[in-house]
Amino acid sequence: MNPLADLHVHSTFSDGRGTIEENIAAAEALGLGTLGCVDHVRVDTDWVPAYVEAVQRARDGTAVELRCGIEAKLLDTTGALDLPGGIDGIDAIYAADHQVPLADGPTHPREVRERIAGGDLDPAVVIDAILTSTARALDRPQRVVIAHFLSILPKIGLTEADVPPEGLERLAAEAARTGQEIEISERWRCPSAATLRPFLRQGVPIALSTDSHKSETIGRYDYCLEVRRELQAG
Ligand SMILES: [Zn+2]
Ligand SMILES: [Zn+2]
């Protein structure tokens, strides 16, 4: 839980406003040691090789350690991610709950919310689908970071308190077994210390990140430090 690192920052390769160079300059100005370059991909994204090359080139000009990451949404309970082919040179995949990864595919949170309200979907089944898809997304040769874990819950009318502790324990055990990571997201203000405790106990690395889409917010923490304090207090 290193506050001198920001492991989730977008650039102009996807929907960030700052270039990779501008993001690095912001990280240098704050004295960060590590910057996680992360951009959104989908199955039809064709710029990954150019992106890998750009991050590689940027490494020569800075003392900040750069991670070359991409962010992809969880698709369904098989753990499939919305990833393009040919991702050589990528050293972290951020698995994100941008839609609800149900058994029959990614579903818009509004639809899930309506189906829960209408009694057509059991919230426990939805939460289990999120936990299962996340757990199954972890078993890959690349490093996987669980991105803004459970940020989808408020959009479907649920909270982290609705997630059963044994489900979190299982996911944390799988993250430990596969050697993967989880982040605390400044932008999404999640997950909570209570959600992260099983991960901490199992020795899963916890990264601080802002999910910045502009250079000015890189490495600036408030929520993350609060959660870190809570976790360190035991
Ligand atoms: Zn995201
Ligand atoms: Zn992001």
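The paragraphs below set out a description of the structure included in this document.

Rules and cut-offs
Residues numbered from 1 in each chain as written. Chains lettered and ligands numbered in written order. Predicted model: local features only at pLDDT ≥ 70, side-chain atom pairs only at ≥ 80, totals over all residues. Heavy atoms only, no water. Donors = N, O, S within 2.8 Å, 3.2 Å for Na, K, Ca; no water. Tetrahedral: all angles 85-135°; square planar, octahedral: opposite > 155°, others 65-115°. Helix = DSSP H or I, 4+ residues; strand = E, 2+ residues; numbered from the N terminus. Buried < 20%, exposed > 50% of the residue type's maximum accessible area, 1.4 Å probe, protein only. Expected span 1.5 Å × (residues − 1). Arc of directions from axis to C-beta. Contact = heavy atoms within 4.5 Å. Salt bridge = Lys/Arg side-chain N within 4 Å of Asp/Glu carboxyl O.

The subject of this paragraph is the coordination of the zinc ion (ligand 2). Protein coordination of the zinc ion (ligand 2) is provided by His8 (NE2), His10 (NE2), Glu71 (OE) and Asp211 (OD), with donor distances spanning 2.1 to 2.3 Å. In this structure, the zinc ion (ligand 2) is coordinated by four donor atoms arranged in irregular fashion, with angles at the metal of 83 to 170 degrees. Mapping the donors of the zinc ion (ligand 2) onto the primary sequence yields the spacing H-x1-H-x60-E-x139-D. Between the zinc ion (ligand 2) and the zinc ion (ligand 1), the interatomic distance is 3.6 Å, and Glu71 donates to each metal, bridging them. Linking Glu71 in strand E3 (residues 65–73) with Asp211 in the loop between strand E9 (206–209) and helix H7 (223–232), this pair joins segments that are 140 residues apart in sequence. Each member of the pair Glu71 and Asp211 is classed as buried.

For helix H5 (residues 165–178), built from 14 residues, the straight-helix expectation of 20 Å at 1.5 Å per residue is met to within 8% by its first-to-last C-alpha distance of 20 Å. Taken as a whole, H5 has its buried residues at Gly167, Leu168, Leu171, Ala172, Glu174, Ala175 and Thr178. For H5, the buried positions fall inside an angular range of 160 degrees around the axis, keeping them on one side. Structural note: H5 exposes Pro165, Arg170 and Arg177 on the side pointing more than 90 degrees away from its buried face. Looking at the packing, one finds that the buried side of H5 touches helix H4 (123–137), strand E7 (144–146) and helix H6 (193–201). A positive backbone phi angle near 70 degrees is found at Gly179, which sits one or two residues after H5.

The next point concerns the coordination of the zinc ion (ligand 1). All of the protein donors around the zinc ion (ligand 1) are Glu71 (OE), His98 (NE2) and His148 (NE2); their distances to the metal are 2.0 to 2.2 Å. Each donor residue of the zinc ion (ligand 1) lies on the same chain, and together they follow the pattern E-x26-H-x49-H.

All right, on to the pattern of salt bridges then. Using the criterion set out here, one finds twelve salt bridges in the structure. With a shortest N-O distance of 3.5 Å, Arg57 and Glu53 are connected by a salt bridge. With Arg57 and Glu53 both in helix H2 (residues 48–59), this residue pair falls four residues apart, about one helical turn. Classification of Arg57 by relative accessible area gives exposed; the value is 52%. Across the pair Arg115 and Glu111 runs a salt bridge whose closest N-O atoms are separated by 3.5 Å.

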